[in-house]
Amino acid sequence: MKNDFLDDSALKGRLKEFAIVERIYYYKEIDSTNTRAVRLAQYGLQHSSLFLAEFQTKGRGRFKRNWLAKAGESLLFSLALFPSFPKEKWSGITLLASVAVVEALGKFGIKGAVKWPNDVLVGGKKISGILIETAQPGDKNKKGSAIVGVGINVNQESFETDAAFATPPTSMRIETGKEIERIKVLCEFLTSFSRLYYSLEAGDYRDILKRYKGFSSTIGKSVALNSSHELIHGTASDIDEDGSLIIRLDSGAMRRITAGDVAEIEWK
Ligand code: BTN
């Protein structure tokens, strides 16, 4: 199954049931699905679209890290969404994306956990990374886009990763001992993602936050992080409505940290 290419016609058949995917852009090779989605959204794309690649020559992670993956072994995709709800609520998309990954993994018997803000880990190793970006078209009458870029390690047995990632990687294959059809993982992700996205659209943020907290491996931990060149020590006590992390500092004071502030969290 090493080369279960996610070719266009097979994809179109399987993805028909997902109304959230109005358009599919499939690439054997591309620089980065996020880069392409951002560019098209800037140029006026208005249909919610799935950008999917077998291989990325410049796959991007958070904080300018490289997302490296050999061709055909993992899932590399970006969903360009055009939310009808106000921008203040877009942070919910960050939370629900990692919940959807954890729920999809669960369907294959893998117990994932979310390391704030949206790394998905299994037994302390990283199985998925998420990069969320926004794009605004030049024409202000057109809708802005939230681009949800997801990398899920599916059939890798070995890795080449950017040394800037402190967490070691794992894959679904390593965790289960089995090769897994990538399209099945994608469909499980989209099932969970669509349901949560529609509930966010309907204004129900609480269910997403509750699920996110339920999967969080950060809450309750002693954490150390570098925020704006300042080293912060404390205990991760909660996630707020914006998806920010609330930390009780060793001094007893509370501190709110947004995802953009921190490249990597360490815990004891
Ligand atoms: C991270 O862990 O820092 C985020 C990694 C996100 C990787 C995915 S792979 C598909 C999409 N296209 C990219 O260039 N990046 C995201």
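Scoring rules and cut-offs
- Residues numbered from 1 in each chain as written.
- Predicted model: local features only at pLDDT ≥ 70, side-chain atom pairs only at ≥ 80, totals over all residues.
- Heavy atoms only, no water.
- Phe/Tyr/Trp six-rings, centres within 6.5 Å; stacked < 30°, edge-to-face > 60°.
- Helix = DSSP H or I, 4+ residues; strand = E, 2+ residues; numbered from the N terminus.
- Buried < 20%, exposed > 50% of the residue type's maximum accessible area, 1.4 Å probe, protein only.
- Contact = heavy atoms within 4.5 Å.
- Polar contact = N/O pair within 3.5 Å; in protein donor to acceptor, adjacent residues only side chain to side chain.
- Pairing = 2+ DSSP bridges.
- Right-handed = clockwise from strand over helix to strand, strands pointing away.

Colleague: Would you explain the packing of aromatic side chains in this entry?
Modeller: Two numbers describe a pair of aromatic rings. These are the distance of the centres and the angle of the planes. Within the structure shown, the criterion is met by 7 aromatic pairs. Ring geometry for Trp67 and Phe165: centres 5.8 Å apart, planes at 85°, overall edge-to-face. One end of the pair, Trp67, is in the loop between strand E2 (49–53) and strand E3 (75–81); the other, Phe165, is in the loop between strand E7 (145–152) and helix H4 (172–176), and 98 residues separate them in sequence. Both residues of the pair, Trp67 and Phe165, count as buried. Ring centres of Phe77 and Phe189 lie 5.2 Å apart, and the angle between their planes is 65°; on these two criteria the pair is classed as edge-to-face.

Colleague: Just checking my understanding: could you explain helix H2 (residues 33–42) for this structure?
Modeller: The α-helix advances 3.6 residues per turn, and as a result positions three or four apart in sequence lie on the same side. For H2, the full list of buried residues reads Thr33, Asn34, Thr35, Ala37, Val38 and Ala41. Next to the buried residues of H2 lie E2, E3, strand E6 (125–135) and E7. The residue sitting at the N-terminus of H2 and contributing the capping side-chain oxygen is Ser32; that oxygen lies 3.2 Å from the backbone nitrogen of Asn34. Positive backbone phi, approximately 110°, marks Gly44, located one or two places after H2.

Colleague: Could you clarify how one ought to interpret the pairing of E2 in this entry?
Modeller: A regular strand places its side chains so that they alternate between the two faces of the sheet. Counting buried residues in E2 gives 5 out of 5 residues, a clear majority hidden from the surface. Two strands pair when backbone bridges link them, and strand E1 (residues 23–27) and E2 are joined in this way by 5 bridges, in the parallel orientation. From the neighbouring strand, Tyr27 faces E2, where its bridge partner is Ala53. Of the crossover connections in this fold, the one passing from E1 over H2 to the parallel E2 is right-handed. Pairing of E2 with E3 involves 5 bridges; the strand directions are antiparallel. Paired with Ser49 across the strands is Ala80, a residue of E3.

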